[in-house]
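Now for the letters of each chain:
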Amino acid sequence: MKTILEIQKLDRQIRALEREVEKCPASIDFNKYKAALQTGRERFNQLEAQASEIIKNFNVANNRFSKYRGDSDIIRKRNTSSINLDNISNLISDANSLLGDLSEENRRVEDLVRKSEEIVRRSAELSQKLTEAKLRSKSIKEKIEAKKQEVAPKIAEIEKKIKALEPKIVDKDKYEKYKEMKEKGIFPVYVPIEENFCGGCKVELPLNFVEKLKTKKMLPCEHCGRIIMLDK
Ligand SMILES: [Zn+2]
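Residues numbered from 1 in each chain as written. Predicted model: local features only at pLDDT ≥ 70, side-chain atom pairs only at ≥ 80, totals over all residues. Heavy atoms only, no water.

Let us look at the packing of aromatic side chains. Taken as a whole and judged by the stated rule, the model has four aromatic pairs. Ring geometry for Tyr175 against Tyr178: centres 5.8 Å apart, planes inclined by 15 degrees, an arrangement best described as stacked. In this pair, Tyr175 and Tyr178 both sit in helix α5 (residues 172-183), three residues apart, roughly one turn of the helix. An aromatic cluster is present here, built from Tyr175, Tyr178, Phe187 and Tyr190 joined pairwise through their rings. (Phe/Tyr/Trp six-rings, centres within 6.5 Å; stacked < 30°, edge-to-face > 60°. Helix = DSSP H or I, 4+ residues; strand = E, 2+ residues; numbered from the N terminus.)

Right under this line is the structure:
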């Protein structure tokens, strides 16, 4: 067991080095870049949806316009031969309402044009930002790579020490369990009991668990699954 705990200590050093890479400013920048990219993509989708909504409205407006074309019923009814003093006021009021409709229609279309211009402008802005971010990400990646190169020999050295310790392990099963749990991201695997708390997840252990541990010496935590040891 002593050897396994020694290996665990060495693995902890490896993890600390890996965390150094994860927490370096370039990695943080890179995560920000990925988040910005994601937001940018979502924003593009929104703009695209808005654009197709506008196209739909344009088509609707276009259909409405077609009823005012020269061959429409309103115009055909009003051929000049039928105009006389009796119906001229009707004609004027029809013409006025037609004019009203058309200017209303015109206003809507102008509004649509304004909106589409806005979308084009925003898309261009967004695309500019994303291009800049992409360029920057290249230099960020290089920095992360440099950091990785920096810690790689240290990690290799520790791994060599672990390899040297492995043949000395007596409890092969416990080491298998250790590797299996480490693989799952549960680390450290073997933890001490601290007062009546799990040394891993810090959850308070039930009294009967503590009692059982006194005879068994080693038990998995019911909360985090780590193996709690009675002896440190
Ligand atoms: Zn626990």
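Turning to the coordination of the zinc ion, a few remarks are in order. Those donors, Cys198 (SG), Cys201 (SG), Cys221 (SG) and Cys224 (SG), are the protein atoms that reach the zinc ion, and they lie 2.3 Å from it. In terms of primary sequence, the donors binding the zinc ion are separated according to C-x2-C-x19-C-x2-C. Of this pair, Cys201 sits in the loop between β2 (197-198) and α6 (207-216) while Cys224 sits in the loop between β3 (218-220) and β4 (227-229); the two residues are 23 residues apart in sequence, bridging distant segments of the chain. Cys201 sits in the partly exposed class, given a relative accessible area of 23%. (Donors = N, O, S within 2.8 Å, 3.2 Å for Na, K, Ca; no water. Buried < 20%, exposed > 50% of the residue type's maximum accessible area, 1.4 Å probe, protein only.)

Once that is clear, we can look at helix α4 (residues 88-165). Here α4 contains 78 residues, and its C-alpha end-to-end distance of 109 Å stays within 8% of the 116 Å for a straight helix at 1.5 Å per residue. Most pronounced at Val151, the bend in α4 amounts to some 35 degrees, and the proline Pro153 follows within four residues. (Expected span 1.5 Å × (residues − 1). Bend = angle between axes of the 7 residues up to and from the residue.)

What follows concerns the pattern of salt bridges. The tally for this structure, following the rule as stated, stands at 18 salt bridges. Note that Glu6 and Lys2 form a salt bridge whose closest N and O atoms lie 4.0 Å from each other. Of the two residues, Glu6 and Lys2 are both situated in helix α1 (residues 2-23); the distance of four residues between them amounts to about one turn of the helix. With a relative accessible area of 67%, Lys2 lands in the exposed category. Put simply, Glu180 and Lys184 hold a salt bridge, and the shortest N to O gap is 3.6 Å. A residue is classified by how much of its surface remains accessible, and Glu180, at 41% relative accessible area, is partly exposed. Residue Lys184 is classed as exposed on the basis of its relative accessible area, which comes to 61%. The network of salt bridges with shared partners includes Glu118, Arg121, Arg122 and Glu125. (Salt bridge = Lys/Arg side-chain N within 4 Å of Asp/Glu carboxyl O.)

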